[in-house]
Structure formats: structure tokens, C-alpha cells
Amino acid sequence: LIGEVADEMNRPCFVIGGYVRDIFLDRPSKDIDIVTLGSGIELAEAVTTKLGKRAHLSTFRNFGTAQVKYSDQKENIEIEFVGARKESYSHDSRKPIVEDGSLQDDQNRRDFTINALALCLNKEHWGMLVDPFDGMNDLKKGIIRTPLDPDITFSDDPLRMMRAIRFATQLNFHIEKETFAAIERNRKRIEIISKERIIDELGKIIRSDIPSRGFILLDDCKLLPIIFPEVAALKGTETIEGRGHKDNFYHSLAVLDNVALRSRNEWLRWAALLHDIGKPRTKRYDSRLGWTFHNHNFIGEKMIPGIFRKMKLPLNEKMKYVQKLVGLHMRPIVLAEEVVTDSAVRRLLFDAGDDIDDLMFLCESDITSKNREKVKRFRDNFELVRTKLREIEEKDSIRNMKLP
Ligand code: CTP
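Not measured: the values here are computed from a predicted model.

Caption draft 1: Representation of the site of the ligand. The full set close to the ligand counts 15 residues, and Arg 21, Arg 110, Asp 111, Asn 115 and Asp 157 are the nearest of them. A distance of 2.8 Å separates a nitrogen atom of the ligand from a polar side-chain atom of Asp 157. One of the side-chain N or O atoms of Lys 204 is found 3.4 Å from an oxygen atom in the ligand. Protein burial of the ligand: of its 560 Å² of free accessible surface, 74% is covered by the chains. The cavity where the ligand resides is the largest pocket. Residue assignment for the shell around the ligand shows that the elements contributing at least two residues are α2 (18-25) and α7 (159-171). Per-element tally for the shell around the ligand: the top contributor is α7, with four residues. Here the shell around the ligand is composed, by residue class, of one nonpolar, three polar and 11 charged.

In C-alpha cells:
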């Protein structure tokens, strides 16, 4: 239909970007990007009229774009219309200076070769692929590569460095050598990107099948210490008197992948990644005891909220939930290293409420833990205490109870 309308208006018209990529990758995708020569808004208006009352048009005249939302019983789709454009950037902003351009100009401004593929919608050449950067070959080989000089692509819009790593993680693709080197060179530019956008990309990484891939790439190109220093600080091992301790970074990633294998719960995944945050800082070596990790309250209760403040995360309910899990996850491990007492279990139970099953799941995913036996004992104790606590709860209001 879009092609027919474009033909009536005598306009070249293409579907471009992620939608085309996903067709060839056989991935579901519902956001469609249409590029035309001339005004994208005029084409969107004509398409909306043709679609009838199930279509809703929004126009963004400042950006020269328009969006059509269409829904019926079968589907909900969003179609974005834009006139082909040429973009140039100033050094301190992601906002481009925009001029009208050709299809080739429009493809030049795209982030990766696999996202610059265009399919013609006009009747005469319907389905013709326009692929000036050999994106199809990259798609087949699983390569992320910028269409132009990667230093320009990343410096123009540094968010693309995160996008490269996110696509590599989601699609299990490899980032081409020059492109990857340019990410490392331009990494400081990430500072002009808002935290919300960075977290958006991190969210897509953590929701992937094997999220560790993304965090390893972020570490390799040295973006990680800039965007999430607390996770980067987990890295490193030390050996004193022949006794080493595990590298908390790779350990946390193993726990994360293990959780990801069994659960799609994003917040549980965040908790898995963050469960050891701050541990290296409190690490010390005792000649009698070996490696110890003290000051857990500081980690569990003060430092974690601090991190979230620093990341400027919206403190919505889900984040509070993550904080809670992150804080709580440390306690059973701490407890497992010491003696599991009923009062400690009761304290944990008091805080955990209904999240306890997720918490236990997280503990069990920590396959490298030396304390699995103790965690199991803890779980058994926990069940006992849960019953006891219910009895107390019936007697007096638990909310007023002083924590032991
Ligand atoms: N794009 C770009 N640079 C960006 C963001 C987007 O060049 N920083 C271009 C790419 O051509 C991309 C298209 O705009 O394919 C649409 O962007 P978007 O919807 O954000 O991403 P998709 O590629 O569709 O992927 P996803 O939906 O997974 O985010």
C-alpha cells in the first residue's frame, strides 16, 4: 500500500534500516522505517488517508518526520516516515544539522552496514535491494561494521558505540577490527550521551541470550570503566602466600549467564550482575583466615543505592526491587560463610517478603560458590523460620518488630 501511494505521488520510496535487517535475519520486528525523496510528512499524510480510521498520524515538523500507528485485530504496527537526508554534526551534540539528500546520503548517515539496507517499494522495482556497503555480506558473515570511517560515525553519535556492542550481543555478531578499534579511540565521547540512553542499551544487552558477551566487549574496548565503573572494578585477581581469590568480574558474568539461561526476568539478571559489587574494595588478606570480605552492610545497604543515584536511574518500583535483591543476595552468601543462625534467617525473611524465591534462585545459580551445602541448609532453615514467623505475625504486627 505504501508503495502504491508513493507511485501515485510519483515518489521513490524505500523501507530501510532495522526492519530490512530483521527480515533477512528472520527476527520479529514491528517498527517500520520508510524513506522517500522529498517530504516524508506528505507521504505519511497520504498513507494515513488511504489506511482509513485505524491509522493515527503524528507529525514532527521540526524533524521533518511523521509516524503512523496502525492497529487492527491482527497487528499493531508503527511506521516512521522521513525524507532522505544528509546529516552533519557539531562536536558537542548528538543533534545533527539536516539537509535534504539522496537515498545514498541517507544510507551514509546510518550507523552500521547491516542497518543501511534499503528495499524499494515502488511497483517498477518492488523488492529491489539497495546495498551500497555490502551490508548483505556482513549480515551473512555476522559482522558489525560502519558504512563510513568509523571515527566519524562514532564521533557524530557516540551512542552508536553502545549500539555496536548491543547488536553484537543480541545477534551474536563480531565487531569488525577497525570498527572496534574506533570504539576504543572514541570511548570518552560516550560522556555526551545521557545516562538513560546508555541504560537503555545496557538493558538490551542484559536481556540477550548470553549477556556476558556484551559486558566482556564493553570491558575490552574500555567503555565499561566510564559507563559503569563499579562493575569494571570487579575485575582482577590477587594471590598472596599462594592463595588466590576468584576474579569477581568473570564470576559475576558466569552467574549472570547462568541466571539468563533459566529466567527472562530482567531484574533478576541485574541482581546477578551486581551481586558482588563493592566486594573487591572490602577484600583483605588475613594470614590465618585467607581472603576475607568484610564490611558487608556498607556494601549491601549504603553503597548500592549510591550507585543507582550516580547512574541517575529512575527510581521506579522495579529498581527498588533490584536494590533489594542485590542487597539481600549478599547476605545469604555472607551468612553461608559464617554460621547460619535462625535469627539471621529471620532477619532476611523479614526483609525479603515475597522476593525470597527469586533470591534463592539467584543463590543456586552461583555455581562456583563453595558454600552450596550451607546455602541448602539455609534454605531448609528458612522454611522452618517462615512457619514460625507466620505464628508471630498472627500475634502482633510484624511491621513494628525490631530487627534482631
Ligand atoms: N540509526 C542510526 N544511528 C542511531 C540510531 C539509529 O544510524 N544512533 C538508524 C539505523 O539505520 C537503524 C535505524 O536508524 O537501523 C532505526 O533505528 P532504531 O529503531 O533505533 O534501531 P533498529 O536498528 O531498528 O534496532 P532496534 O529496534 O533493535 O533498536
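So that's the structure; there's more coming.
Caption draft 2: Structural view of the pattern of salt bridges. This model, assessed by the stated rule, comprises 15 salt bridges. Here Lys 50 and Glu 8 are joined by a salt bridge, their closest N and O atoms 3.0 Å apart. Of this pair, Lys 50 sits in helix α3 (residues 40-51) while Glu 8 sits in helix α1 (residues 2-8); the two residues are 42 residues apart in sequence, bridging distant segments of the chain. Glu 8 gets classed as exposed once you look at its relative accessible area, which sits at 57%.

Conventions and cut-offs
- Residues numbered from 1 in each chain as written.
- Predicted model: local features only at pLDDT ≥ 70, side-chain atom pairs only at ≥ 80, totals over all residues.
- Heavy atoms only, no water.
- Near = heavy atom within 4 Å.
- Polar contact = N/O pair within 3.5 Å; in protein donor to acceptor, adjacent residues only side chain to side chain.
- Areas by Shrake-Rupley, 256 points an atom, 1.4 Å probe, with all protein chains shown as cover.
- 1 Å grid on protein atoms, 1.4 Å probe; cavity = no way out; pocket = protein on both sides within 12 Å on 5 of 7 lines; lining within 4 Å.
- Sits in = over half its atoms within 2 Å of the grid points.
- Helix = DSSP H or I, 4+ residues; strand = E, 2+ residues; numbered from the N terminus.
- Nonpolar A, V, L, I, M, F, W, Y, C, P; charged D, E, K, R; others polar.
- Salt bridge = Lys/Arg side-chain N within 4 Å of Asp/Glu carboxyl O.
- Buried < 20%, exposed > 50% of the residue type's maximum accessible area, 1.4 Å probe, protein only.

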